[in-house]
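This is what each chain is made of:
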Amino acid sequence: MADTHVLFVEDDDVIREATQLALERDGFVVTAMPDGLAGLEAFRANRPDIALLDVMVPGLDGVSLCRRIRDESTVPVIMLSARADSIDVVLGLEAGADDYVTKPFDGAVLVARIRAVLRRFGHASGPDDRAGGGNADPDGLVVETVLRFGDLEVDTEGMEVRKGGETVALTPTEMRLLLEFSTAPNTVLSRDRLLERVWDYGWGGDTRVVDVHVQRLRGKIGQDRIETVRGFGYKLRG
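Described below are features of the structure shown in this document. Please read these numbers as outputs of a predicted model, since none were measured by experiment. (Residues numbered from 1 in each chain as written. Predicted model: local features only at pLDDT ≥ 70, side-chain atom pairs only at ≥ 80, totals over all residues. Heavy atoms only, no water.)

Overview of the packing of helix 6 (residues 172-182) against helix 8 (residues 208-221)
Phase 1: One way to put it is that helix 6 packs onto helix 8 with a least axis distance of 10 Å and a crossing angle of 85°. Comparing their axes, helix 8 and helix 6 come out roughly perpendicular. Residues Thr-173, Glu-174, Leu-177, Leu-178 and Phe-181 of helix 6 form the contact with helix 8, whose own contacting residues are His-213, Val-214, Arg-216, Leu-217, Lys-220 and Ile-221. (Axes fitted to C-alpha atoms, helices over the stretch in contact; angles between N-to-C directions. Helix = DSSP H or I, 4+ residues; strand = E, 2+ residues; numbered from the N terminus. Parallel < 35°, antiparallel > 145°, perpendicular 65-115°, else oblique. Contact = heavy atoms within 4.5 Å.)

Written as structure tokens, this is what we have:
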């Protein structure tokens, strides 16, 4: 993690300085900015590995900044919100954030969440890297690496998705979510399982993260492709 560059946008001087010091002690390189416009400039100048954005910052709020970053990059984004039950959380996720952390937060928890996000972005080939490995099973048989669901094609080796022959641009988190569904079509996957497999949560996290990402994925691959099984979870229609 010594070379991992973090962009941290936070207007509270005490929180910004304390968090920067904590992250640097854990080996991260940190660029800390006090407002959204400065954060956008720093993002474009430095191209960090991950961005931590407080929702309520002046100039350009965190949600708007997240949208601007997502327009230009698939770099992972974690939103920081002081209100866990606020609509700010959902707005941040809908803007393209991959996760969120509620303030006040413990430094160790924040570092753990950053590392979890970076792990899945560093292994975007899919859960357990099973999709991006070789093209043969243990018995030497050829394994199909392009999965087809109607007009939807998921290339699990090339990490590409096509709908009606046209490429669909997915973030790494969306890709991992689709891989979970596509490698188990017609199987109901619970939100807790998806949190564990896609977000690397070994505990019961906030299922809003799953719900918003499913909605984002539906918007890209087709609203009817992923079915909601009320009270249980979601499944991909094969």
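From this point, the narrative continues.
Quick word on the sheet that holds strand 7 (residues 152-155)
In any sheet, the strands associate via hydrogen bonds between backbone groups, in a parallel or an antiparallel arrangement.
Phase 1: Read from one edge of the open sheet, 4 strands run 6-7-8-9, paired in antiparallel fashion. Pairing within the sheet leaves two strands with one partner each, and these edge strands are strand 6 (146-149) and strand 9 (166-167).
Phase 2: Looking at chain direction, strand 8 (residues 160-163) and strand 9 are connected through 2 bridges and run antiparallel. Of the residues in strand 9, the one forming a bridge with Arg-162 is Thr-167.
Phase 3: Together, strand 6, strand 7 and strand 8 form the strand contacts of helix 6, whose direction differs from that of strand 7 by roughly 105°. (Pairing = 2+ DSSP bridges.)

Some words on the side chain of His-5
Phase 1: Checked against the element boundaries, His-5 lands in strand 1 (residues 5-9).
Phase 2: A polar atom in the side chain of His-5 sits 2.7 Å from the side chain of Thr-31.
Phase 3: Among residues more than four places away in sequence, those in contact with His-5 are Val-29, Thr-31, Asn-46, Pro-48, Asp-49 and Ile-50. (Polar contact = N/O pair within 3.5 Å; in protein donor to acceptor, adjacent residues only side chain to side chain.)

Comments concerning the environment of Phe-181
Phase 1: Checked against the element boundaries, Phe-181 lands in helix 6.
Phase 2: Considered as a pair, Phe-181 and Ile-226 are 45 residues apart in the sequence and their alpha carbons are 8.4 Å apart.
Phase 3: With residues near it in sequence (within four places) discarded, Phe-181 still touches Leu-189, Leu-194, Val-214, Leu-217, Ile-226, Tyr-234, Lys-235 and Leu-236.

A few points about the pattern of salt bridges
A side chain of one charge can pair with a side chain of the opposite charge if their charged atoms are brought near each other.
Phase 1: What the rule picks out here adds up to 20 salt bridges.
Phase 2: Measuring nitrogen to oxygen at the nearest pair gives 3.1 Å for the salt bridge that ties Arg-162 to Glu-160.
Phase 3: Overall, the relative accessible area of 18% leaves Arg-162 in the buried class.
Phase 4: Arg-193 is paired through a salt bridge with Glu-180; the nearest N and O atoms lie 3.7 Å apart. In this pair, Arg-193 sits in helix 7 (residues 191-198) while Glu-180 sits in helix 6, placing the two residues 13 residues apart along the sequence.
Phase 5: Overall, Glu-180 belongs to the buried group, its relative accessible area being 0%.
Phase 6: Three or more residues joined by partner-sharing salt bridges are found here, namely Arg-148, Glu-153, Glu-160 and Arg-162. (Salt bridge = Lys/Arg side-chain N within 4 Å of Asp/Glu carboxyl O. Buried < 20%, exposed > 50% of the residue type's maximum accessible area, 1.4 Å probe, protein only.)

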